[in-house]
Amino acid sequence: MGVKSVAILGSTGSIGVSTLDVIARHPDRFRVHSLTAYHNTDRLFEQCRQFSPDVVVMVDADAALDLERKLSGVGLNTITVLSGASALEQVASAAEVDYVMAAIVGAAGLLSSLAAARAGKRVLLANKEALVMSGDLFIRTISENGATLLPIDSEHNAVFQCLSSDTDANVALTGVRRILLTGSGGPFRNLPLDKLGAVTPDQACAHPVWSMGRKISVDSATMMNKGLEIIEACWLFSVSPDQVEVVLHPQSVIHSMVDYVDGSVLAQLGNPDMRTPIAHALAWPERIDSGVDALDLPSIAHMDFSKPSFERFPCLGHAYAAIRAGGNAPTVLNASNEVAVDAFLQGRLKFTGIADTVSASLEHIELGASDSVEMILESDHRTRKFARRFIADRLIQQEQA
Ligand code: NAD
Ligand code: MG
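Residues numbered from 1 in each chain as written. Chains lettered and ligands numbered in written order. Predicted model: local features only at pLDDT ≥ 70, side-chain atom pairs only at ≥ 80, totals over all residues. Heavy atoms only, no water.

Moving on, we come to the pattern of salt bridges. The final tally for this structure, using the stated rule, is 25 salt bridges. Between R25 and D21 there is a salt bridge, and its shortest N-O distance comes to 2.9 Å. Residue R25 is classed as partly exposed on the basis of its relative accessible area, which comes to 36%. In this structure, K70 and D42 form a salt bridge, with 2.9 Å as the shortest nitrogen-oxygen distance. Taken together, the positions of K70 in helix α3 (residues 61–73) and D42 in helix α2 (residues 41–51) put the pair 28 residues apart, joining distant regions of the chain. With a relative accessible area of 27%, K70 lands in the partly exposed category. (Salt bridge = Lys/Arg side-chain N within 4 Å of Asp/Glu carboxyl O. Buried < 20%, exposed > 50% of the residue type's maximum accessible area, 1.4 Å probe, protein only. Helix = DSSP H or I, 4+ residues; strand = E, 2+ residues; numbered from the N terminus.)

Written out as structure tokens, the structure reads:
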């Protein structure tokens with residue numbers, strides 16, 4: 001099969017680091033063509049020393065200069081250092097690249113993920129926000145260009161494993177009744193509802209099971225992460241929102257399930273470690289060692305399941321409403337959530353204000369068609385402007401109260 005060249009977009013993040021950990025175990029199968037980051041020079045420098053990529057992108061121009069200096073200081077002059085957001089699209093579509101790990105967080109990953117799809121790559125998609133924003137366009141771009149889309153999100157990777165034939169990325173949906181997405185419920189699953197308004201960013205980011213970047217950790221605490229995943233599942237597996245259900249499962253051992261019309265339910269289990277879906281998608285349709293320990297069921301002893309409360313997790317309801325509305329509504333949902341999570345992390349918005357911002361944005365932004373990149377970006381920008389104003393007005397009201 002030959003050694004595959006991999007571009008890792010967002011290599012300094014949680015998924016990027018786990019991807020490099022898997023790749024380092026298989027030098028006979030994979031080589032790193034490119035690494036990209038926003039501005040974490042120290043980590044990208046260390047990754048260059050270990051993996052000697054051909055190209056790196058540091059989006060921030062000052063950080064790129066700093067990295068270039070550091071690399072030439074240790075004689076790594078052969079690595080091309082690029083900067084600016086458009087360089088992300090350049091590496092995602094480079095002719096030398098076979099596989100693209102799309103692991104940038106948020107809307108910032110949209111254009112590079114689309115570029116990888118347009119260039120016909122194997123796209124390993126962690127950046128769920130890109131698919132939520134661009135849904136139909138993304139799926140069309142994949143199929144029109146002969147690209148392969150493999151899900152990295154643990155739930156969707158689990159569903160893919162429970163659906164797929166061994167040799168075709170277009171999963172067979174025959175006889176599927178429902179997709180059951182599991183979710184841990186995050187750190188506030190049992191917190192009294194009247195305490196939710198006062199939780200801090202650090203409490204929200206202390207996820208009980210998974211260790212992840214701060215944005216997705218907050219999304220897990222509001223369960224907007226599961227909301228984005230409901231939309232992601234609809235696009236990846238061509239199912240209707242009515243066919244996607246969420247089950248709370250605090251142990252996070254079952255990563256998701258497929259319910260068939262004959263009553264069979266197939267599940268994928270494993271320790272909660274993103275290296276499993278990453279190794280699965282890198283090697284698919286083969287299997288390789290990921291470094292993850294074997295599952296020890298007796299030590300887990302029991303598994304719990306329950307229904308999520310839409311009162312505790314209003315973002316789940318907003319996500320269902322957005323995918324049912326279609327058009328630009330998922331883009332509005334995603335953009336308002338990104339702005340609100342950022343404000344919460346900076347201490348400018350209460351935790352409960354995240355769902356309020358999303359709800360107000362879905363109500364106020366004009367909904368309509370969204371079938372080109374330009375239309376998607378326009379909805380994204382318009383929503384961000386509205387959400388920033390909504391949050392600023394709230395702050396003023398709080399100060400006056
Ligand atoms: P992270 O915050 O740890 O890393 C984000 C990466 O994106 C970093 O390398 C950063 O430099 C880069 N980045 C940030 N802003 C950028 C910008 N404006 N332009 C270019 N690059 C930028 O995030 P993460 O937890 O690794 O998550 C990455 C993606 O994977 C997210 O979409 C997340 O929802 C998804 N995901 C993560 C996990 C997980 O376990 N961490 C699981 C499932 C899905
Ligand atoms: Mg997930």
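We now examine the domain arrangement of the chain. For the chain, the assigned domains read domain 1 (4–151), domain 2 (153–321) and domain 3 (326–401). In this structure, domain 1 and domain 2 have C-alpha centres spaced 25 Å apart. With 28 residues of domain 1 at the contact, the number on the domain 2 side is 30 residues. When the two sides are added together, the surface that domain 1 and domain 2 hide from each other amounts to roughly 2500 Å², 70% of it contributed by carbon and sulfur. (Domains from an automatic or database assignment. Contact = heavy atoms within 4.5 Å. Buried area = accessible area lost by both parts, 1.4 Å probe.)

The next point concerns unusual backbone geometry. Residue P285 is bonded to the preceding W284 through a cis peptide linkage, with omega at 10 degrees. Relative to the assigned elements, P285 resides in the loop between α11 (275–283) and α12 (297–300). Residue A301 is not a glycine yet carries a positive backbone phi of 70 degrees. Inspection of the secondary structure puts A301 in the loop between α12 and α13 (314–325).

Overall, mixed pairing links the 4 strands, which are arranged β9-β8-β10-β11 in an open sheet. A strand with exactly one partner marks an edge of an open sheet, and here the two such strands are β9 (244–248) and β11 (265–269). In this sheet, adjacent strand axes meet at a mean angle of 20 degrees when their direction is disregarded. Pairing geometry for strand β10 (residues 254–260) and β11, over 5 bridges, is antiparallel. Each residue of the ladder has a partner; that of S256, found in β11, is Q268. Sitting on the sheet, helix α10 (residues 224–237) is in contact with β8 (176–183) and β9, with an inclination near 150 degrees to β8. (Pairing = 2+ DSSP bridges. Axes fitted to C-alpha atoms, helices over the stretch in contact; angles between N-to-C directions.)

Ligand 1 sits among 23 residues. The nearest are T12, S14, I15, Y38 and E129. Contact between ligand 1 and G10: an oxygen atom at 3.2 Å from a main-chain N or O atom of the residue. Burial of ligand 1 by the protein chains amounts to 85% of its free accessible area of 830 Å². When contributions to the shell around ligand 1 are tallied by element, the ones reaching two or more residues are α1 (14–24) and α6 (128–144). Grouping the constituent residues of the shell around ligand 1 by class yields 13 nonpolar, 7 polar and 3 charged. (Near = heavy atom within 4 Å. Polar contact = N/O pair within 3.5 Å; in protein donor to acceptor, adjacent residues only side chain to side chain. Areas by Shrake-Rupley, 256 points an atom, 1.4 Å probe, with all protein chains shown as cover. Nonpolar A, V, L, I, M, F, W, Y, C, P; charged D, E, K, R; others polar.)

What follows concerns the nonpolar core. Core analysis: the largest hydrophobic core is formed by 108 residues, its most contacted members being M101, I152, F237 and L333. With 8 residues, the single largest contributor to this core is α10. In this view, I152 contacts I15, M101, L124, L125, A126, N157, M274, P277, I278 and A281; residues no more than four positions away in its chain are not counted. Core analysis: the second largest hydrophobic core is formed by 19 residues, C205, V339, L349 and F351 among them. (Core = buried A, V, L, I, M, F, W, Y, C linked by side-chain atoms within 4.5 Å.)

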